[in-house]
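A look at the structure
What follows is the residue order along each chain.
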Amino acid sequence: MLKIGEFSRLSQVTVKTLHHYDDIGLLKPSQIDSFTNYRYYTVDQLPRIHQIMALKELGLSLEQIGLTLNNDLTSEQIRGMLSLKHAEIEQVVQQEQARLARVEFRLRMIEMEHKMTSLDVIVKKIPPQYALTIRRAMKREDMVPFGIEIEQAFAQHGVKVVGPVSEIRSEQAFHENHDHDVVFVMPVSTEQKEAVPLKTFGVLEPKTIPALDMAATHIIKGVNPTEFQEKLALLQRWIVDNGYQLCEKNRVVFHRGPAEHAEYEDWIIEFQQEIEPALATGHQTEVRSEENRNGIIKDESSF
C-alpha cells in the first residue's frame, strides 16, 4: 500500500488533486484508515491516474473523463467526444491566429509609419466605365475557379476585355480569409449589350460604373493579395493625415494581375480610395502645402 504522498510522487499528481479526484469519484483510494482517515493507494492504480492525465492533456473535462473511464463507452461514443473537442480546439486556434494576424499587422503598420512621407499618392478623378459586372461575397479559395469560368464564358461568347479589370469594395479595409462583398468589373465595349452567364458563379451584367469625383490613388508593383489590407490601410492613413475625408468605396485595379496569369511579383495594382475634400478651406491650404513639401503631385485628369 502507498500513502497518498508516496502515490503523489510516483504519479506526479499533487495531493490536493488526488483529494479532489476522490471527492468527485474519479479516482478513489484503495483503502481509507477508519481511525486516521489516511488515504492509501496501490501501484495497480497508476495506470488509472495515467489515463486521467492523458485525457486531461487532450482537453477533456473531468466530467468527460469520468464518463469515459467509469462507463463502458463504445468506440463511436469516444470518437464523437474527441471530435467535439477537436472542433472546439480548432475554433480557439483560428481565433488566436486571427488575433495574432491583427497584432502582426499593427506591428507592421508601426514599422511602416516612417514611409508615410515618401508614399506616392495622386489625387485624381476616375471616369465612368462601361463593363460587365457581378457582385458576390467571395472567398479567396473561390477566386481561381471564378477566373476560369470568366475566361471560358468570354471565349464562348466572343467577349473582349478592353481595359484593366478591377474590384469595387464597400468596406474600409480588407479582412484576410473572410467573405468580401465585391463588385467585379471587366471593362468591355459599349456594343456589349447582352449579359454573360457563368457556369456556377452567376451572371455578368452590362453596367456603367459611375465616376469618382475625387480619389486618392497609389500604384504598387509586386504585391501579394495577403498584403492588400496593409497597403490600403497605408493609403487611408495618408488620406486622413493629409486632411481629406474617407468615403465608403475603394477600388483595386489590376493593371497586370490574375487575368494575365502573372506571378505576384509581376502584378501592378492601383488602389483607389474615394475621398472628399477637407471641410475647412484653411486646412485645404495646409494640405496642399504639405503635399508640395512631400513632392506629392495632384492631377485632376483621368487615366
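Structure shown above.
Presented here is an overview of the structure given in this document. The numbering scheme is per chain: residues are counted from 1 as the chain's sequence reads. Residues qualify for local features only when their pLDDT is at least 70, as the model is predicted, and side-chain atom pairs are given and counted only at 80 or more; totals for whole chains, interfaces and linings, by contrast, use all residues. Values shown for side chains rest on all heavy atoms present in the structure; no hydrogens or waters enter the calculation.

Taken in spatial order, the 3 strands of this open sheet run β1-β3-β2, and their pairing is antiparallel. The open sheet has two edge strands, β1 (2–3) and β2 (31–32), and neither has a second partner. The pairing of β2 with strand β3 (residues 39–41) spans 2 bridges and is classified as antiparallel. Bridge pairing in β3 links Ile32 to Arg39. The rule for pairing is simple: two strands pair if DSSP sees at least two bridges between them. Helix and strand assignments come from DSSP, with helices taken as H or I runs of at least 4 residues and strands as E runs of at least 2, each series counted from the N terminus.

Glancing now at the side chain of Glu270. Inspection of the secondary structure assignment puts Glu270 in strand β12 (residues 268–276). Accessibility here uses a 1.4 Å probe with only protein chains present; expressed as a share of the type maximum, an area under 20% marks a residue as buried, one over 50% as exposed, and anything in between as partly exposed. Accessibility expressed as a relative area gives 1% for Glu270, which makes it buried. At 3.2 Å, the side chain of Glu270 forms a polar contact with the side chain of Lys124. Residues adjacent in sequence count toward polar contacts only when both atoms are side-chain atoms; beyond that, a polar contact is any pair of N or O atoms within 3.5 Å, and within protein one must be able to donate a hydrogen and the other to accept it.

Take the pattern of salt bridges next. What makes a salt bridge here is a side-chain nitrogen of Lys or Arg within 4 Å of a carboxyl oxygen of Asp or Glu, nothing more. Counting across every chain of the model gives 8 salt bridges. Between Asp241 and Arg237 there is a salt bridge, with the nearest N and O atoms lying 3.0 Å from each other. Of this pair, Asp241 and Arg237 both sit in helix α7 (residues 228–241), 4 residues apart, roughly one helical turn. Classification of Asp241 as partly exposed rests on a relative accessible area of 47%.

With that out of the way, let us pick up helix α3 (residues 46–57). The terminal C-alpha atoms of α3 lie 16 Å apart, and with 12 residues this matches the ideal 16 Å at 1.5 Å per residue to within 8%. Along α3, the positions that sit buried rather than exposed are Ile49, Ile52 and Leu55. Down the axis of α3, the buried set is contained in an arc of 125 degrees. They therefore lie on one face. Of the residues in α3, the exposed ones pointing more than 90 degrees away from the buried face are Pro47, His50 and Glu57. Note on contacts: a residue pair qualifies if any of its non-hydrogen atoms lie within 4.5 Å across the two residues. The secondary structure elements touched by the buried residues of α3 are α1 (4–11), α2 (15–23) and α4 (62–70). Just downstream of α3, Gly59 is the residue with a positive phi angle, here 95 degrees. Under the convention used throughout, the expected extent of a helix is 1.5 Å for every residue step, that is, one less than its residue count. Working note: the arc is built from the helix axis to C-beta atom directions.

Structurally, Lys85 is set in helix α5 (residues 75–112). With relative accessibility at 14%, the residue Lys85 sits in the buried group. With residues up to four places along the chain from it excluded, the contact list for Lys85 reads Leu58, Gly59, Leu60 and Gln64.

Remember that the coordinates give geometry; whether it matters functionally is a separate question.
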